[in-house]
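# Breakdown of the fold
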Amino acid sequence: MKKFMDENFLLNNETAVKLYHEYAKDMPIIDYHCHLNPREIAENKRYRNITEIWLGGDHYKWKALRSNGVDERYITGDAADKEKFLKWAETVPNTIGNPLYHWTHLELRRYFGIDSLLSPQTAEQIWEECNALLETEAFTARELIKRSNVKVICTTDDPVDNLEFHKAILEDETFDVKVLPALRPDKGVNIEKNGFEDWVRKLEQAIGNEITSFRDLLNALGARIQFFHDLGCRVSDHAMDPIVFEEGTEVEVNDIFVKGLKGEKLTESEVRKYKTQVLLFLGREYAKLGWVMQVHIGTIRNVNSRMMNILGPDTGFDTIGDYTFAEALAKFLDALDSTDELPKTILYCLNPRDNEVLATMIGSFQGGGIPGKIQFGSGWWFNDQKDGMIRQMIALSNVGLISRFVGMLTDSRSFLSYTRHEYFRRILCNLLGEWVENGEAPADMDLLGKMVKNICYNNANNYFGFQE
């Protein structure tokens, strides 16, 4: 019987052990998609206690707490921080089988040097040990990033953001980690949702011009893309729930835009036509600048309307969707590719049944002399665990080239989440090791070691061009 989470955790054969410890373990990290707060990095935030840095904003943990019967007061409510931590300590022993059990103890070990299992019996001691360390210089936001061997971070930013904190970080020569914005224009795409008109008014303020037509909107978005580009942005991100495609003329779409600004009810066809034209414009702009377009597909958001009304979005009430999208996605990619304006693109699916859909889709749009120009993104959100990662990598391997894969990202709001890269790297090395042990891949450590290093870091470094 193996010891729990020993140095060869998740490494079940000799080849895997060698690949991880000699090739994967010490590779730097490019976190090309996350939700870290750039203000906390700019100000080098210090955290008041373990609850703030560990439980705040983490809807993975919030879901587990709710499933364990914990009252909302101890999750997002007004309970004291220590009370919230103690409820988490009560919950953790019940998370065996969930990746949270592994992530929790990886984070305690790698950042705080704590090998004890978190439980009600150890909670008081762990609370005191973590909080004492959080008072030291080694646990500020920037130090945690540097200790994690992170070279590039891409946050998630609305086109109307002024990026003041990115500017401050860029001008600070004492911090050599690149913290770059990533454009998230969803609020300008989702014309059917509440708040669209208010968002357009904010965009007007950002550019200093009135927006009264669809052409005005596109010009404004183009200006913000250039603004982001000048501050180092090379990535966009889109939540397409679901992705749609329906052609429409600019005259039609202008009329739809004007209706949307007035808050008038739009038909489903009108919404599809508007979204299609906005997304095609954005894709072409990204292609001009050499950006990477990320497309996340498959979520149904805020399914619990009662809790949405109480807590708002992004609080742990989203789920996997089961709609079909392959035809619309193919038409969208083809419309850009037909004029040679398809940017480098990463496609993610939340429903694992769609793995092969994306794995085969990317193969139809590769080219341009760019290795892995179109990527099938790592196991995302509910698939961000051992089984989900393995299924994604096997689907990619079966019909594509896992050797060109740009690897892992955190998609997290926590500065302690970089252990997820370790988790991914161990799973990757074990999968390759199994192939070797089964005679399905050669026992060529130079070949496989290079492949591991590429997936962990080098592919992403070359693909995104952050160092240019």
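All values derive from a computational prediction rather than experimental measurement. (Residues numbered from 1 in each chain as written. Predicted model: local features only at pLDDT ≥ 70, side-chain atom pairs only at ≥ 80, totals over all residues. Heavy atoms only, no water.)

## Remarks on helix H7 (residues 123–134)
In this model, H7 (12 residues) spans 16 Å end to end at C-alpha, consistent with the 16 Å of a helix rising 1.5 Å per residue. Every buried residue of H7 is accounted for by Ala123, Ile126, Trp127, Cys130, Asn131 and Leu134. Each buried residue of H7 sits inside an arc of 125° when the element is viewed along its axis, so together they form one side. As for H7, its buried residues are in contact with helix H3 (50–54), helix H5 (81–91) and helix H6 (99–112). (Helix = DSSP H or I, 4+ residues; strand = E, 2+ residues; numbered from the N terminus. Expected span 1.5 Å × (residues − 1). Buried < 20%, exposed > 50% of the residue type's maximum accessible area, 1.4 Å probe, protein only. Arc of directions from axis to C-beta. Contact = heavy atoms within 4.5 Å.)

## Digging into the packing of aromatic side chains
Within the structure shown, the criterion is met by 21 aromatic pairs. With a centroid separation of 6.4 Å and an interplanar angle of 10°, the aromatic rings of phenylalanine 257 and tyrosine 274 are classed as stacked. Here phenylalanine 257, found in helix H13 (residues 250–261), pairs with tyrosine 274, found in helix H14 (residues 268–289); they are 17 residues apart in sequence, far enough to count as distant. We classify tyrosine 274 as buried; its relative accessible area is 0%. Centre to centre, the rings of tyrosine 286 and tryptophan 291 are 5.4 Å apart; their planes meet at 10°, and the pair counts as stacked. You can call tyrosine 286 buried: its relative accessible area is 0%. Within the aromatic cluster, the residues linked to one another by ring pairs are Tyr32, Tyr463, Phe464 and Phe466. One residue, arginine 73, lies across the ring of tyrosine 74, its end atom 5.3 Å from the ring centre. (Phe/Tyr/Trp six-rings, centres within 6.5 Å; stacked < 30°, edge-to-face > 60°. Lys NZ or Arg CZ within 6 Å of the ring centre and 35° of its normal.)

## A word on helix H18 (residues 386–399)
Side chains three or four residues apart in an α-helix point the same way, a direct result of the helix having 3.6 residues per turn. Spanning 14 residues, H18 covers 21 Å between terminal C-alpha atoms, matching the ideal 20 Å at 1.5 Å per step. Buried within H18 are the following residues: Gly388, Met389, Gln392, Met393, Ala395 and Leu396. Projected down its long axis, H18 carries its buried residues within an arc of 160°, all on one side. Next to the buried residues of H18 lie helix H17 (355–363), strand S9 (374–376) and helix H19 (419–437). For H18, the N-terminal cap is glutamine 385; the gap from its side-chain oxygen to the backbone nitrogen of aspartate 387 is 3.1 Å. (Polar contact = N/O pair within 3.5 Å; in protein donor to acceptor, adjacent residues only side chain to side chain.)

## Brief notes about the environment of glutamate 440
Within the fold, glutamate 440 resides in the loop between H19 and helix H20 (445–464). When the C-alpha atoms of glutamate 440 and valine 150 are compared, they prove to be 33 Å apart, with 290 residues separating the residues in sequence.

## Let's talk about the layout of surface pockets
Rolled over the atoms, a probe sized like a water molecule indicates the empty space that remains. Estimated volume of the second largest pocket: approximately 440 Å³. In terms of lining residues, the second largest pocket is bounded by 18 residues, among which Tyr20, Lys25, Arg110, Ser148 and Glu422 are the most central. For the lining of the second largest pocket, the element with the highest residue contribution is H19, accounting for five residues. Considering only residue class, the lining of the second largest pocket consists of five nonpolar, five polar and eight charged. (1 Å grid on protein atoms, 1.4 Å probe; cavity = no way out; pocket = protein on both sides within 12 Å on 5 of 7 lines; lining within 4 Å. Points joined across faces, edges and corners; volume = space filled by probe spheres on them. Nonpolar A, V, L, I, M, F, W, Y, C, P; charged D, E, K, R; others polar.)

## Focus: the pattern of salt bridges
Counted under the stated rule, the structure contains 34 salt bridges. Residue glutamate 137 pairs with arginine 46 through a salt bridge whose shortest N-O separation is 2.8 Å. A residue pair is termed long-range when its members are at least 10 positions apart, and glutamate 137 in the loop between H7 and helix H8 (141–147) and arginine 46 in the loop between helix H2 (38–42) and H3 qualify at 91 residues. Since its relative accessible area comes to 38%, arginine 46 is described here as partly exposed. Across the pair arginine 301 and aspartate 241 runs a salt bridge, and its minimum N-O distance is 2.7 Å. Separated by 60 residues along the polypeptide, arginine 301 in the loop between strand S6 (299–300) and helix H15 (305–311) and aspartate 241 in the loop between strand S4 (235–240) and H13 bring together distant segments of the chain. By relative accessible area, arginine 301 is classed as partly exposed at 26%. Note on aspartate 241: relative accessible area 25%, which makes it partly exposed. Because the salt bridges share partners, they merge into one network encompassing Glu40, Lys45, Arg48, Glu52 and Asp81. (Salt bridge = Lys/Arg side-chain N within 4 Å of Asp/Glu carboxyl O.)

## Remarks on the nonpolar core
Within the largest apolar cluster, 154 residues are counted, with the highest numbers of intra-cluster contacts made by Trp54, Phe112, Leu217, Tyr274 and Phe332. Per-element tally for this core: the top contributor is H20, with 10 residues. Leaving out residues up to four positions away in the same chain, phenylalanine 112 has contacts with Ile50, Glu107, Cys130, Leu133, Leu134, Phe139 and Leu416. (Core = buried A, V, L, I, M, F, W, Y, C linked by side-chain atoms within 4.5 Å.)

## Some words on the pairing of strand S5 (residues 292–297)
Most of S5 is tucked away: six of the six residues are buried. Burial along S5 is two-sided: the face carrying Val292, Gln294 and His296 and the face carrying Met293, Val295 and Ile297 are both buried. Bridge count for S4 against S5 is six bridges, and the pairing is parallel. Paired with alanine 239 across the two strands is histidine 296, which belongs to S5. When S5 meets strand S8 (residues 344–349), the two strands line up parallel, connected through six bridges. When the bridges of S8 are listed, histidine 296 appears paired with tyrosine 348. (Pairing = 2+ DSSP bridges.)

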